[in-house]
Number of protein chains: 4
Amino acid sequence: MISFESDYIKGAHKKILEKLIETNDEALSGYSTDSYCASAREKIKAACKKDDAEVFFLVGGTQANQVVVSTCLRQFEGVLCAKTGHINDHEAGAVEFTGHKILDLPQHKGKIDPEELKDWVETFYADDNRDHKVFPKMVYISHPTEYGTLYSKNELEQISKICKDFNMMLFMDGARLGYGLMSWDTDVTLEDVANLCDVFYIGGTKVGALCGEAVVFTHANAPEHFMTMVKQHGAMIAKGRLLGIQFDVLFTDNLYFEISKHAIEMAKKLKELFIKKGYQFFLETSTNQQFIVLENKKMEELKKNVRFGFWEKYDDNHTVVRFATSWATTQEDIDTLEEFI
Amino acid sequence: MISFESDYIKGAHKKILEKLIETNDEALSGYSTDSYCASAREKIKAACKKDDAEVFFLVGGTQANQVVVSTCLRQFEGVLCAKTGHINDHEAGAVEFTGHKILDLPQHKGKIDPEELKDWVETFYADDNRDHKVFPKMVYISHPTEYGTLYSKNELEQISKICKDFNMMLFMDGARLGYGLMSWDTDVTLEDVANLCDVFYIGGTKVGALCGEAVVFTHANAPEHFMTMVKQHGAMIAKGRLLGIQFDVLFTDNLYFEISKHAIEMAKKLKELFIKKGYQFFLETSTNQQFIVLENKKMEELKKNVRFGFWEKYDDNHTVVRFATSWATTQEDIDTLEEFI
Amino acid sequence: MISFESDYIKGAHKKILEKLIETNDEALSGYSTDSYCASAREKIKAACKKDDAEVFFLVGGTQANQVVVSTCLRQFEGVLCAKTGHINDHEAGAVEFTGHKILDLPQHKGKIDPEELKDWVETFYADDNRDHKVFPKMVYISHPTEYGTLYSKNELEQISKICKDFNMMLFMDGARLGYGLMSWDTDVTLEDVANLCDVFYIGGTKVGALCGEAVVFTHANAPEHFMTMVKQHGAMIAKGRLLGIQFDVLFTDNLYFEISKHAIEMAKKLKELFIKKGYQFFLETSTNQQFIVLENKKMEELKKNVRFGFWEKYDDNHTVVRFATSWATTQEDIDTLEEFI
Amino acid sequence: MISFESDYIKGAHKKILEKLIETNDEALSGYSTDSYCASAREKIKAACKKDDAEVFFLVGGTQANQVVVSTCLRQFEGVLCAKTGHINDHEAGAVEFTGHKILDLPQHKGKIDPEELKDWVETFYADDNRDHKVFPKMVYISHPTEYGTLYSKNELEQISKICKDFNMMLFMDGARLGYGLMSWDTDVTLEDVANLCDVFYIGGTKVGALCGEAVVFTHANAPEHFMTMVKQHGAMIAKGRLLGIQFDVLFTDNLYFEISKHAIEMAKKLKELFIKKGYQFFLETSTNQQFIVLENKKMEELKKNVRFGFWEKYDDNHTVVRFATSWATTQEDIDTLEEFI
């Protein structure tokens with residue numbers, strides 16, 4: 001059965017597996033002090049065009065979100081986030097577990113609105129009782145968002161400026177960053193991300209790796225003793241090579257961008273297929289996640305041959321479902337899908 | 001240069017890599033709900049001879065310690081541990097980060113003494129002011145300990161009984177469990193561990209895997225909603241297959257025990273070599289870690305050809321160093337070492 | 001200058017001060033084990049008509065909220081609350097500081113809507129991915145709310161039933177409970193509160209005491225070792241007598257209700273005064289807090305003679321302000337106010 | 001029955017009660033922004049001879065310890081403390097509850113040894129693996145200690161220097177500070193304490209107040225947004241006047257020192273009485289706590305007429321008990337005691 005259930009259903013890109021085998025017998029030092037981690041760091045800094053960036057490797061997305069938020073905020077500070085932000089809704093309270101409040105903003109197709117953000121912060125600082133409140137110190141955005149949507153460069157610039165004006169950090173959850181950067185409808189580059197954010201991460205788990213997210217502090221601004229705090233979160237692994245080797249491969253010869261681009265080409269074909277067949281879209285996206293409104297009977301029928309993701313109830317007779325492509329999706333998958341829809 | 005620096009310097013056992021490649025294109029569900037995780041769980045339960053055990057896969061040792069302690073204890077409860085226990089001394093306060101106190105006991109070559117444990121708990125419950133104190137609810141032991149030493153079956157039985165008598169859980173950190181079970185000087189089996197502990201983990205990272213620890217709750221006693229709390233700790237990975245496949249391989253055809261046994265055989269040869277050459281041992285161990293007292297000049301000379309671990313200062317002219325074998329150590333490594341010492 | 005700034009601007013009811021003096025030389029045991037705490041507990045249980053209630057004394061409202069939420073929830077559980085709930089907006093993240101997420105619901109004049117609550121919980125339990133989310137285990141309501149509004153008995157019954165149906169605790173923040181119970185427009189009694197809530201507190205700080213809140217677990221359902229956790233929160237005071245004596249006085253001869261009634265009578269007069277003078281009300285309340293919309297110039301003028309609380313900006317020319325009466329407000333205060341408005 | 005059970009068995013000094021009554025009808029602003037808090041702050045700064053000190057009022061000792069430690073440390077930092085330090089042993093894990101590890105040092109009659117402290121810190125910084133450990137950032141001492149003993153000025157100077165040399169804060173728990181400063185055997189003044197510590201508190205609860213501890217950051221070094229964090233800990237009270245008025249009285253006309261001196265004079269008489277009668281002392285102290293070793297039968301007999309505190313078992317036939325004097329102890333109490341011992 002073909003599956004468009006998510007972008008983490010397959011193993012890893014074969015070049016990664018080859019490199020794991022090739023390097024397997026090398027005796028390397030632990031805790032990300034090895035040469036592959038070092039090499040991967042340099043390649044990522046080069047791709048970002050940021051000499052003073054600091055790069056760290058973590059295992060997964062929730063972990064990266066938790067560690068970044070928790071280590072960057074002081075005790076009395078919180079993080080602003082769209083109501084639908086992953087940290088607010090799908091991470092089992094991982095941020096609050098470390099003692100910090102998430103301050104939620106309205107979401108618009110998964111995105112926050114710069115004007116609403118500015119209003120929120122201005123209202124906060126105009127409040128004489130703000131000393132009884134959690135202080136906003138970070139803005140969390142996901143790009144692509146949980147709904148597959150993207151910020152424009154102009155929107156990112158506005159948000160970045162507001163952050164600077166009010167002494168907040170801009171943090172981008174890039175679990176699917178490659179699929180955003182390679183979208184057919186974006187004007188945002190990796191360099192832009194590195195220029196506009198204070199910290200972001202480049203998702204590996206959903207883009208070709210077995211696991212791994214590369215956290216980038218963009219201007220020598222990693223919190224002091226960051227690795228000690230990573231250890232304290234239980235997030236440090238002994239064989240850091242597992243992460244270093246994977247990112248070293250992904251950032252060699254543009255692999256990360258090429259496999260992302262492939263996923264996006266598959267998404268475009270998938271989208272066109274649904275359009276051609278007259279399906280209703282839940283919202284408009286230009287990344288690897290496409291959201292379709294299915295009549296429930298049709299949905300049950302389709303399930304017999306295709307795996308896809310349940311998203312939410314639309315009305316009593318319809319359901320929103322998600323079809324995700326990835327680096328591993330093939331033209332055959334698309335062709336087979338066409339037979340069933 | 002040969003290296004006895006630690007037991008996590010090499011990649012993974014080749015059978016694991018082969019299986020990763022073999023299964024790479026299978027579309028599997030995420031978050032450890034896949035068939036390989038299921039299979040690995042059953043094999044581990046069978047190896048433990050515990051039908052009602054519950055098995056979960058985590059990425060690393062500090063993470064496993066943090067998650068187990070934090071999810072098993074209520075807010076006002078703490079964990080008893082040898083002063084030198086890994087959670088007390090080398091995990092950057094990961095347990096305290098979750099709000100729990102570590103109650104330390106004297107260490108004897110890394111072990112706690114059952115009598116001292118009993119005295120401590122009896123004194124606690126005799127104290128009329130105990131309501132102003134952290135309640136002891138768990139005993140943490142590492143086996144092998146941080147010093148490579150082992151508890152006897154009798155000692156484990158005594159500790160287990162004290163735990164039962166005072167309503168505490170017995171938790172064994174088995175980061176190097178294979179090397180303990182295959183020691184030439186132990187009467188403790190995996191079955192014993194499963195019978196005597198309430199929860200323990202089988203270390204993969206240091207015993208043939210790229211990463212991964214299998215947490216075993218031995219009698220259907222995993223905390224309710226354990227996986228939600230794993231997520232909350234940032235410890236859940238999307239591609240749970242990475243852990244499931246590795247443990248499935250390790251627990252097929254006794255691989256885990258065979259590679260552990262090999263490491264122990266190498267350790268025995270290494271130990272005999274040092275004895276033969278008249279070196280001074282810091283303490284007596286029968287596992288894969290051997291601690292030697294080196295004259296400082298000798299140490300500097302040896303460093304030119306062999307990598308080993310610094311342990312602690314012995315006196316102004318001597319240093320304690322650690323030589324560790326592992327599943328990946330070869331007879332050639334031992335032979336080469338002989339040339340240099 | 002007369003002040004309607006808040007309900008905590010004066011010291012304590014004179015009967016409390018008299019009792020503090022009268023008992024001052026008695027040697028009493030510490031940590032709320034004294035006879036006055038015991039007596040106060042019995043009187044409160046009697047007033048609630050709940051033999052199996054368990055009563056504890058804490059110092060302040062934020063502390064009571066933090067301690068109750070944190071001790072009643074397990075690690076993966078959160079608390080539902082109106083967006084404007086005190087714990088969500090004005091306590092500097094005290095709940096999140098203990099690791100728990102606040103799950104916010106829409107507010108309607110400070111209240112949650114039973115239907116919306118039910119929908120939220122049903123949607124949660126219908127979500128197959130709920131294991132990646134914080135579980136709802138408690139519903140927090142304030143009564144009176146932060147806007148001075150009150151739940152009807154019927155609304156409380158509905159909310160209580162939903163809590164029971166979905167295994168959640170109902171927790172009422174009663175920082176101003178007396179002023180709610182003595183409202184001229186309520187059908188809710190203390191007995192109702194004790195019957196419908198799992199835990200609530202009777203506010204002393206704002207109702208005649210120097211400090212102190214009486215936390216009532218209504219059916220022998222206080223968390224085990226509650227006092228140890230109170231200590232752990234830094235919330236236990238050595239001279240528990242300070243709290244016991246105050247509540248003993250407040251619950252002798254109906255004092256708590258009588259002084260609350262007095263405050264409400266003053267509020268009614270104050271409200272009628274504003275009506276008579278044609279002022280605009282921000283919303284309709286029947287408790288000790290009255291919210292008025294003032295033209296900004298008028299507001300500045302009024303400030304010269306009367307203290308009141310800033311609430312929020314209404315529009316560019318108007319501001320919402322709060323006038324609060326209390327147990328200590330006098331007819332003279334009202335008469336003087338009339339001169340200035 | 002006379003009682004020497006503790007130093008918190010009586011209410012408050014009568015001048016405090018008088019002032020509470022005198023000021024009761026004044027309308028004061030909340031949250032320690034009132035004029036009495038302001039006045040008390042100035043008087044305390046004057047008593048410390050520290051113009052740039054910052055003074056805050058908290059309710060109790062455990063709360064003060066928790067708030068100070070938690071707000072001064074970053075996430076990865078811990079606090080050094082004698083094994084018997086109050087925060088380590090008698091506060092139900094209040095420090096760990098906020099995520100921080102207590103790093104314990106050997107105790108010598110309740111005190112830490114400067115040399116051992118220095119060795120500990122030097123060993124820490126010499127450890128190449130210190131990045132996997134909790135960093136020492138604060139030294140906690142109690143003065144008097146839990147055993148009633150005192151540091152000499154020279155010892156404090158040594159500890160203070162070590163703190164400076166290794167960039168640590170020196171924090172003194174002064175729950176009984178008055179009784180230490182007025183000891184017949186000390187060379188330490190309040191001015192010395194303010195000069196040598198980075199932060200300390202002046203205990204009110206045990207020295208004449210109903211509740212309250214005055215936290216003094218000695219050189220404009222209070223953490224930014226300290227009051228917001230106090231709120232976040234649930235430690236801020238609405239009627240801050242309760243604390244301000246008490247400390248204003250205590251620091252008017254040397255009252256704090258005079259009542260402390262009285263307690264010490266009573267302690268001296270009590271000590272001489274026990275010496276005269278040939279009792280065995282558990283250790284030598286010159287403050288308000290005296291520790292006596294009683295034969296168990298004698299202890300039971302004495303209990304019929306005198307209340308005192310159980311400390312610890314001495315041997316099978318003897319028990320260590322504590323007799324505490326306080327500001328409220330009278331000559332009559334001593335005389336009556338003489339009849340029974």
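Remember, it's a predicted structure, so these values are computed and weren't measured experimentally. (Residues numbered from 1 in each chain as written. Chains lettered and ligands numbered in written order. Predicted model: local features only at pLDDT ≥ 70, side-chain atom pairs only at ≥ 80, totals over all residues.)

A. Quick peek at the relation of the copies chain B and chain A. Aligned on chain A, chain B shows an RMSD of 0.1 Å; the corresponding rotation is 180° and the shift along the axis is 0.0 Å. Both copies are brought into coincidence by an operation consistent with a two-fold rotation axis. (Least-squares fit on C-alpha atoms with pLDDT ≥ 70 in both.)

B. Fine view of the interface of chain B and chain A. Each partner contributes to the interface: chain B provides 41 residues, whereas chain A provides 41 residues. Listing elements by their share of the side of chain B that touches chain A, those giving two or more residues are helix H1 (14-23), helix H3 (61-72), helix H5 (94-97) and helix H10 (226-232) of chain B. The class makeup of the residues in the side of chain B that touches chain A is 20 nonpolar, 16 polar and five charged. (Contact = placed C-beta atoms within 7 Å. Helix = DSSP H or I, 4+ residues; strand = E, 2+ residues; numbered from the N terminus. Nonpolar A, V, L, I, M, F, W, Y, C, P; charged D, E, K, R; others polar.)

C. Summary view of the interface of chain B and chain D. Taken together, the contacts link 16 residues of chain B with 16 residues of chain D. Along the lines of polarity and charge, the residues of the side of chain B that touches chain D split into five nonpolar, six polar and five charged.

D. Looking closely at the relation of the copies chain B and chain D. When chain B is brought onto chain D, the operation consists of a screw motion whose angular component is 180° and whose axial shift is 0.0 Å, with 0.0 Å RMSD remaining. Take the interface residues of chain B: 100% of them recur as interface residues in chain D, which is what a same-surface contact looks like.

E. Representation of the packing of helix H1 (residues 14-22) of chain D against helix H11 (residues 241-250) of chain D within the structure. All names here are of chain D. Between H1 and H11, the least distance of the axes is 9 Å, while the angle of their chain directions is 130°. Classified by the angle their axes make, H1 and H11 are oblique. Where H1 crosses over H11, the two elements pack in a sense that is right-handed. Contact residues: H1 offers Lys 15, Ile 16, Lys 19 and Leu 20, while H11 offers Ile 245, Gln 246 and Val 249. (Axes fitted to C-alpha atoms, helices over the stretch in contact; angles between N-to-C directions. Parallel < 35°, antiparallel > 145°, perpendicular 65-115°, else oblique. Left-handed = near helix turned anticlockwise from the far one by under 90°.)

F. Up close: helix H11 (residues 241-250) of chain C. Residue and element names in this part refer to chain C. In terms of burial, H11 is a largely internal element, ten of the ten residues being buried. Turning to H11, its buried residues are Arg 241, Leu 242, Leu 243, Gly 244, Ile 245, Gln 246, Phe 247, Asp 248, Val 249 and Leu 250. Lining the buried residues of H11 we find helix H1 (14-22), helix H2 (35-48), strand S2 (54-58), strand S8 (213-217) and helix H12 (255-276). (Buried ≥ 20, exposed ≤ 12 C-beta atoms within 10 Å, placed from the backbone.)

G. Layout of the domain arrangement of chain A. Residues and elements named next belong to chain A. When cut into domains, chain A gives domain 1 (2-7 + 256-340) and domain 2 (25-254). Computed from C-alpha atoms alone, the centre-to-centre distance between domain 1 and domain 2 is 27 Å. At the junction of the two partners, domain 1 supplies 19 residues and domain 2 supplies 21 residues. Counting residues per element, the ones that place at least two in the side of domain 1 that touches domain 2 are helix H12 (255-276) and strand S10 (289-295). (Domains from an automatic or database assignment.)

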